[in-house]
Amino acid sequence: MESHALLIAASLSAGTLLALAALGLLINERAGIVNLGAEGMMLVAAMVGFATAFHTGSDALALLAGMGAGALMAAVFGLLVIWLNTNQYAAGLALSLFGAGFSAFAGIRYTQEKLGPRASFEIPGLADIPLLGPALFKQHPLVYGAMFLTAAIAWFLYRSRSGLVLRAVGESPESAHALGYPVRRIRLAAVMAGGALCGLAGAYVSVIYTPLWVEGMIAGKGWIALALTTFATWRPARILAGAYLFGFVTMLQFHLQGQGVAIASQFLSMLPYLATITVLVLISSNASFIRANMPASLGKPFFPGS
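Attention in this report is confined to the structure presented alongside it.

Cut-off values and rules
- Residues numbered from 1 in each chain as written.
- Predicted model: local features only at pLDDT ≥ 70, side-chain atom pairs only at ≥ 80, totals over all residues.
- Heavy atoms only, no water.
- Patch = residues over 30% accessible without salt bridge, like charges linked within 9 Å, V, L, I, M, F, W, Y side chains within 5 Å.
- Areas by Shrake-Rupley, 256 points an atom, 1.4 Å probe, with all protein chains shown as cover.
- Salt bridge = Lys/Arg side-chain N within 4 Å of Asp/Glu carboxyl O.
- Helix = DSSP H or I, 4+ residues; strand = E, 2+ residues; numbered from the N terminus.
- Buried < 20%, exposed > 50% of the residue type's maximum accessible area, 1.4 Å probe, protein only.
- Polar contact = N/O pair within 3.5 Å; in protein donor to acceptor, adjacent residues only side chain to side chain.
- Contact = heavy atoms within 4.5 Å.
- Expected span 1.5 Å × (residues − 1).
- 1 Å grid on protein atoms, 1.4 Å probe; cavity = no way out; pocket = protein on both sides within 12 Å on 5 of 7 lines; lining within 4 Å.
- Points joined across faces, edges and corners; volume = space filled by probe spheres on them.
- Nonpolar A, V, L, I, M, F, W, Y, C, P; charged D, E, K, R; others polar.
- Axes fitted to C-alpha atoms, helices over the stretch in contact; angles between N-to-C directions.
- Parallel < 35°, antiparallel > 145°, perpendicular 65-115°, else oblique.
- Left-handed = near helix turned anticlockwise from the far one by under 90°.

### Some details on a nonpolar patch on the surface
Moving on, step 1. Taken together, the side chains of Ile8, Ile123, Leu126, Ile129, Leu131, Leu132 and Leu136 define a hydrophobic patch exposed on the protein surface, amounting to about 480 Å² of accessible area.
Moving on, step 2. Position of Leu136 relative to the elements: it lies in helix 5 (residues 132-136).

### What to know about the side chain of His140
Moving on, step 1. Along the chain, His140 falls in the loop between helix 5 and helix 6 (141-159).
Moving on, step 2. Residue His140 is classed as buried on the basis of its relative accessible area of 17%.
Moving on, step 3. Side-chain polar atoms of His140 contact the backbone nitrogen of Leu142, separated by 3.0 Å.
Moving on, step 4. Contact partners of His140, with chain neighbours within four places excluded, come to Phe121 and Ile208.

### Here we look at helix 9 (residues 183-209)
Moving on, step 1. Along its 27 residues, helix 9 runs 37 Å from first to last C-alpha, staying within 8% of the 39 Å computed at 1.5 Å per residue.
Moving on, step 2. For helix 9, the tally of buried residues reaches 21 of 27 residues, placing the bulk of the element in the interior.

### Examining empty space enclosed by the protein
Moving on, step 1. Summed over all chains, the structure comprises one cavity of 30 Å³ or more.
Moving on, step 2. As a volume, the largest cavity reaches approximately 50 Å³.
Moving on, step 3. What lines the largest cavity is Ile33, Val81, Ile82, Asn85, Gln88, Arg184, Arg187, Lys300, Pro301 and Phe302.
Moving on, step 4. Those elements that place two or more of their residues in the lining of the largest cavity are helix 3 (59-83) and helix 9.
Moving on, step 5. Taken together, the residues of the lining of the largest cavity sort by class into five nonpolar, two polar and three charged.

### Considerations on the packing of helix 6 against helix 9
Moving on, step 1. At their nearest, the axes of helix 6 and helix 9 sit 13 Å apart, and the two run at 165° to each other. Classified by the angle between their axes, helix 6 and helix 9 sit roughly antiparallel to one another. Every pair of crossing elements has a handedness; the one defined by helix 6 and helix 9 is left-handed. Together, Leu142, Val143, Leu149 and Ile153 of helix 6 and Leu197, Leu200 and Tyr204 of helix 9 make up the contact between the two elements.
Moving on, step 2. Of the residues assigned to the contact of helix 6 with helix 9, the class counts are seven nonpolar, no polar and no charged.

Structure, rendered in structure tokens:
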């Protein structure tokens with residue numbers, strides 16, 4: 001019973017970092033921008049967040065610093081693809097490669113360092129409920145924050161005028177421009193907001209999830225978050241559900257190893273990525289379904305007055 005509660009709790013925690021990054025990428029893609037640099041942004045944010053926590057002792061400042069690092073990198077990407085009309089896919093890949101190299105270089109100083117004791121959290125009264133208490137009510141506040149953020153983004157996209165404008169920019173930037181909306185500035189704001197969430201996810205990894213800094217510690221989670229947006233057909237609630245599913249698959253390998261299941265550890269380590277590939281293959285088998293849900297101008301440059 002206790003092991004099952006720990007598995008659920010670990011799955012929620014692992015799913016949170018995927019949800020945060022994927023929600024950021026969702027905002028990008030709803031505005032018509034594809035950012036393949038999530039992995040690099042998360043790595044730099046993880047390094048910056050860990051360094052901030054190490055020097056200040058404040059997790060809150062570390063998470064904010066990670067968000068700032070992600071937003072800054074996204075702003076550079078936005079200037080390249082929105083104002084200079086460079087190829088979004090090439091610029092995103094360059095951002096990812098830059099982030100991996102820069103974080104490795106700048107993070108050498110912190111490789112052997114450790115953070116102080118981590119604070120524990122629980123919801124009084126609810127945390128003592130058998131099974132559900134340890135599984136659901138002893139989480140870091142950011143786990144619940146991701147759930148709230150999912151609802152807030154869904155409301156923003158489908159219930160607010162600003163969200164309608166953002167979706168219009170992603171569906172038909174020429175029409176939005178003709179109506180007087182500043183398409184480029186809206187897209188840049190969306191890209192920076194998405195970068196901030198990717199940065200928050202990266203800082204969460206190094207400060208909360210596994211409080212240490214190791215080169216390449218994001219380990220492909222940025223790419224899984226990118227796949228999640230397609231898996232969820234660009235819907236916030238589905239992103240959260242998908243993130244928890246992938247979080248469960250990720251933690252299942254450690255649970256099975258702890259239970260002494262005789263399965264090769266290499267195969268268990270492959271499970272999250274096998275699940276990602278399998279889901280993408282199944283989703284992509286229905287091309288019409290993808291086209292019906294994806295923003296019409298996704299990945300296409302915008303030329304004002306064209």
